[in-house]
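Okay, here's what each chain looks like letter by letter:
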Amino acid sequence: DGYVFAGWSQDKNATGPDEDYAPGETFKITQNETLYAVWEKVLTYTVTYDKNLDDASSAPVDGNSPYTTNSTVTVLGAGEMKADGYVFVGWSQNENATSADENYTPGKTFTINQDVTLYAVWVPTHTLTYDANGGENAPVDGKNPYPDGAIVTIAEQGGMTKGTDAFKGWSKEQNATEADDAFIPGSDYQLTEDTTLYAVWAPTYEVIFDTDVGHHG
C-alpha cells in the first residue's frame, strides 16, 4: 500500500524505470535477464476541516481523505457544526479570515496537490424583536437570527393592536411618543446589534355631536 508500479529496470536499486523495458516494448535477448520492478511512492494529501471556534460543535470530517495527487476534492458543508451566537458563512485557508473564500464554497471542487486545512468562518448573529409596548400580537420575525450587517425589512403593523390606539410606527425607545424614521414599516435597515423595536401608539378620541335642541324658558 502507498506505492504504484512505475515500470522495470535491470538495476535492482533503480529509482526510475528504464525506458528500454517499458511495458509493451521489445528487446533482443542474448543472455539471462532479470528485470526488477520499480515502485514509486504514491503521494497523498489530507483535507482537514477546522471549526475555528472553541464553543462550536465538531467540524465535518472528509471520509475520502487522504487523496492522491491531482485528485478532485468536493468541499463539505457545515453539517452538524454549530455555534451559539454565530452563523457559519463558509471556509477559508486563512485562520483569521472574516469572510469566506469563494474557492471553498460548500459543494465546489478543487484539485489537491498539498495538505489543505479549511477553517470555518463565523460571523456574529443578531436578533430583531418587535414589542407591542402595551398592545398585543406584535409581529415575529421568522428569519431571526441574522448575520452581522444583514439588511432586514421592518415589519408592518399587521394584526397588532392596543385597544383603540392608533399605531404610529416603531422606535428603539420604549417611551417614545413619535416613531423613528429609521424604522419606517416596509423600509430596509442594517442590523449590527440585537435590536428591540417598540410600537409607538397614539390615543384616538371620539367626537360626539349632540343634536338635542334645548328648551329655553
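Residues numbered from 1 in each chain as written. Predicted model: local features only at pLDDT ≥ 70, side-chain atom pairs only at ≥ 80, totals over all residues. Heavy atoms only, no water.

**Q** Before we go on, may I ask you to explain the side chain of Ser71 in this structure?
**A** Here Ser71 lies in strand β6 (residues 71-74). Judged by relative accessible area, Ser71 falls into the buried class, the value being 17%. Separated by 2.7 Å, the side chain of Ser71 and the backbone oxygen of Thr68 make a polar contact. (Helix = DSSP H or I, 4+ residues; strand = E, 2+ residues; numbered from the N terminus. Buried < 20%, exposed > 50% of the residue type's maximum accessible area, 1.4 Å probe, protein only. Polar contact = N/O pair within 3.5 Å; in protein donor to acceptor, adjacent residues only side chain to side chain.)

**Q** Could you clarify how one ought to interpret the packing of aromatic side chains in this entry?
**A** The description of two aromatic rings rests on the distance between their centres and on the angle between their planes. Evaluated as defined, the whole model comprises eleven aromatic pairs. Relative to Phe27, the ring of Tyr21 lies with its centre 5.0 Å away and its plane at 85 degrees, an arrangement referred to as edge-to-face. In this structure Phe27 comes out as partly exposed when scored by relative accessible area, which is 39%. Ring centres of Phe167 and Trp170 lie 5.2 Å apart, and the angle between their planes is 70 degrees; on these two criteria the pair is classed as edge-to-face. (Phe/Tyr/Trp six-rings, centres within 6.5 Å; stacked < 30°, edge-to-face > 60°.)

**Q** Is there a simple way to explain the nonpolar core in this structure?
**A** Here is a general trend for soluble globular proteins: nonpolar side chains tend to be buried in one another's company. Residues Trp91, Phe110 and Ile112 are the most contacted members of the largest nonpolar core, which totals 19 residues. Listed by contribution, the elements that provide at least two residues to this core are β4 (47-50), β7 (86-92), β8 (109-112) and β9 (116-126). When residues in this core are grouped by element, the largest group, four residues, is from β9. In contact with Phe110, not counting residues within four places along its chain, are Val47, Ser71, Thr72, Val73, Val75, Tyr104 and Val116. (Core = buried A, V, L, I, M, F, W, Y, C linked by side-chain atoms within 4.5 Å. Contact = heavy atoms within 4.5 Å.)

**Q** Looking at this model, I keep getting lost on the pattern of salt bridges. Mind explaining?
**A** In total, this model carries three salt bridges according to the counting rule given. We note a salt bridge from Asp165 to Lys162, for which the minimum N-O separation is 4.0 Å. Two residues, Lys168 and Glu178, come together in a salt bridge whose shortest N-O distance is 3.1 Å. Separated by ten residues along the polypeptide, Lys168 in strand β13 (residues 166-171) and Glu178 in the loop between β13 and β14 (188-191) bring together distant segments of the chain. A residue is classified by how much of its surface remains accessible, and Glu178, at 52% relative accessible area, is exposed. (Salt bridge = Lys/Arg side-chain N within 4 Å of Asp/Glu carboxyl O.)

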